[in-house]
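Coordinates in review
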Amino acid sequence: VVKTPKEIELMRAATFVSSQAHVYVMRHIKQGMTEMHLEAMFKAWTAYHAGCRHMSYTCICGSGTNGAILHYGHAGRPNDRILEHGDMVVLDMGAEYAGYATDLTRSYPVSGKFTEDQVAIFNAVREAQEAVFASMKPGACWVELHRLSERVILSHLLKIGVVHNGTVEEMMAVNLGSVFMPHGLGHLVGLHVHDVGGYPDGTERPVDPGPCWLRSARPLKAGMVITVEPGCYFIQGWLDIALGNPSHAQYLNLSVLERFKDFGGVRLEDDVLVVATGIENFTVLPSTVEEIEAVVQSGVERK
């Protein structure tokens, strides 16, 4: 759980390699490619430039509505959709370097230009991630940080109009955040992408929707490497369940949700080291709308 100085050095280098491969994909993505082309570019870059023979997990390259499938890219759905101009893509890819895993995600439009709705959802997730970063330090409660990310995302969805008829705190009381982020905030990383040690003896597992999906509930400790990966998704099956639950349905704005039915989702995921003063973010990637647009458009201009 707590990494040695040598392990930290390796993981910092590993995350840099995966970061650079993500940037390479950003610069070369274009309409008409398949999701598999994005996976192939990532794998080729990490192998050619860093000698990485393996990925830390199966690459997740979800475009359009596939971006709302959390572990897309498996044998049954093998990254085979053709990219369309207006698609958002959720690219969750990480190479293994010297035996150590990385796990990074960026989400952005194939066109390289965010629409108003894409900006709104992206910024909801981005601000959730930034709020978590600012609150991370040794001793911080990971369950509370998960709740913080839900609260920030719901506050944005309230402004957009996706949810209505209540306050963020009223929505948090019925676990509405879990409808839009049906996974945990993050997990330990090391020799395994989902590293062990998240629930040592005596650690109570959360049971509420949202925190119940966390792979660790232990307080943060200096030397831990952990992902921070808030997300916001529009999963029709999950929304249908919520609409059948009166405690959730009262807050869902059907007319606005209709606008997002083919949106997919947004996830942003960085690998960070907990240090005495807060965190060191190993990830070196464009993280704002403006930064991502600049990188993707630089590739478009070269084509």
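Being a predicted model, the structure only gives us computed values, none of them experimental.

The rules behind the values
Per chain, residue numbering runs from 1 following the sequence as it is written. Residues qualify for local features only when their pLDDT is at least 70, as the model is predicted, and side-chain atom pairs are given and counted only at 80 or more; totals for whole chains, interfaces and linings, by contrast, use all residues. Just so you know, side-chain values use all the structure's heavy atoms and leave hydrogens and water out. Put simply, DSSP marks the helices as runs of H or I at least four residues long and the strands as runs of E at least two long, and each gets a number from the N terminus on. Here the radius of gyration uses the C-alpha set of atoms, whereas the globule reference equals 2.2 Å times the residue count to the power 0.38. Relative accessible area decides the class of each residue, using a 1.4 Å probe on protein chains only: under 20% of the type maximum gives buried, over 50% gives exposed, and in between gives partly exposed. Residue contacts follow a heavy-atom distance rule, with two residues in contact if any of their heavy atoms lie within 4.5 Å. Note on geometry: axes are C-alpha line fits, over the in-contact stretch for helices, and angles between N-to-C directions span 0 to 180 degrees. Comment on the angle field: the value is read as roughly parallel under 35 degrees, roughly antiparallel over 145, roughly perpendicular from 65 to 115, and oblique elsewhere. Crossing handedness is read from the near helix: turned anticlockwise from the far helix by less than a right angle, it gives a left-handed crossing, and turned clockwise, a right-handed one. Residues are grouped as follows: nonpolar covers Ala, Val, Leu, Ile, Met, Phe, Trp, Tyr, Cys and Pro; charged covers Asp, Glu, Lys and Arg; every other residue, Gly included, is treated as polar. When DSSP finds two or more bridges between two strands, those strands count as paired. Whenever a carboxyl oxygen of Asp or Glu lies within 4 Å of a side-chain nitrogen of Lys or Arg, that contact is scored as a salt bridge. Any pair of N or O atoms that falls within 3.5 Å is considered a polar contact. Within protein, one atom must be able to donate a hydrogen and the other to accept it, and sequence-neighbouring residues count only if both atoms are side-chain atoms.

Bringing the overall build of the protein chain into the picture now. Counting secondary structure elements, the protein chain contains ten helices and ten strands. The C-alpha radius of gyration computed for the protein chain amounts to 19 Å, which stays within 12% of the reference 19 Å derived for 303 residues, consistent with globular compactness. Buried residues in the protein chain amount to 55% of all 303 residues. Sequence-distant contacts in the protein chain: of pairs separated by 6 or more residues, those separated by 24 or more amount to 75%.

Contact geometry of helix H1 (residues 5-28) with helix H2 (residues 35-50) gives a least axis separation of 9 Å together with a crossing angle of 135°. With respect to H2, the element H1 is oriented oblique. The element H1 and its partner H2 pack so that their crossing is right-handed. Contacts from Val-17, Ser-18, Gln-20, Ala-21, His-22, Tyr-24, Val-25 and His-28 of H1 reach H2 at Leu-38, Met-41, Phe-42, Trp-45, Thr-46 and Ala-50. A class-by-class count of the residues in the contact of H1 with H2 yields nine nonpolar, five polar and no charged.

Spatially, three strands are ordered E6-E9-E10 in an open sheet, and the strand pairing comes out antiparallel. A single partner strand is all that each edge strand has here, and the edge strands are strand E6 (225-228) and strand E10 (278-281). Adjacent strand axes in the sheet meet at a mean angle of 45° when their direction is disregarded. Across four bridges, the pairing between strand E9 (residues 270-275) and E10 is antiparallel. The partner of Val-272 across the bridge, within E10, is Asn-281.

Turning next to the environment of Met-93. Inspection of the secondary structure puts Met-93 in strand E3 (residues 88-93). Ignoring sequence-local partners within four residues, the contact set of Met-93 consists of His-22, Val-25, Leu-38, Glu-39, Phe-42, Tyr-57, Cys-59, Ile-60, Cys-61 and Leu-104.

Right, let's get into the pattern of salt bridges. Counting across every chain of the model gives 15 salt bridges. For Arg-126, the salt bridge goes to Glu-130, with nearest N and O atoms at 2.7 Å. One end of the pair is Arg-126 and the other is Glu-130, both in helix H3 (residues 116-135) and four residues apart, which spans about a single turn. What makes Arg-126 buried here is its relative accessible area of 16%. Glu-130 gets classed as partly exposed once you look at its relative accessible area, which sits at 34%. Close ionic contact of Arg-147 with Glu-150 constitutes a salt bridge, the shortest N to O distance being 2.7 Å. One end of the pair is Arg-147 and the other is Glu-150, both in helix H4 (residues 142-160) and three residues apart, which spans about a single turn. A single burial state applies to Arg-147 and to Glu-150, both of which are buried. It is possible to trace a salt-bridge network through shared partners that takes in Arg-81, Glu-84 and Asp-87.

As a further point, take the side chain of Thr-15. Looking at where Thr-15 falls in the secondary structure, it is placed in helix H1. For Thr-15, a relative accessible area of 1% translates into the label buried. A polar contact of 2.8 Å, which involves the side chain of Thr-15, links it to the backbone oxygen of Met-11. Ignoring sequence-local partners within four residues, the contact set of Thr-15 consists of Thr-102, Leu-104, Asp-271, Phe-282 and Thr-283.

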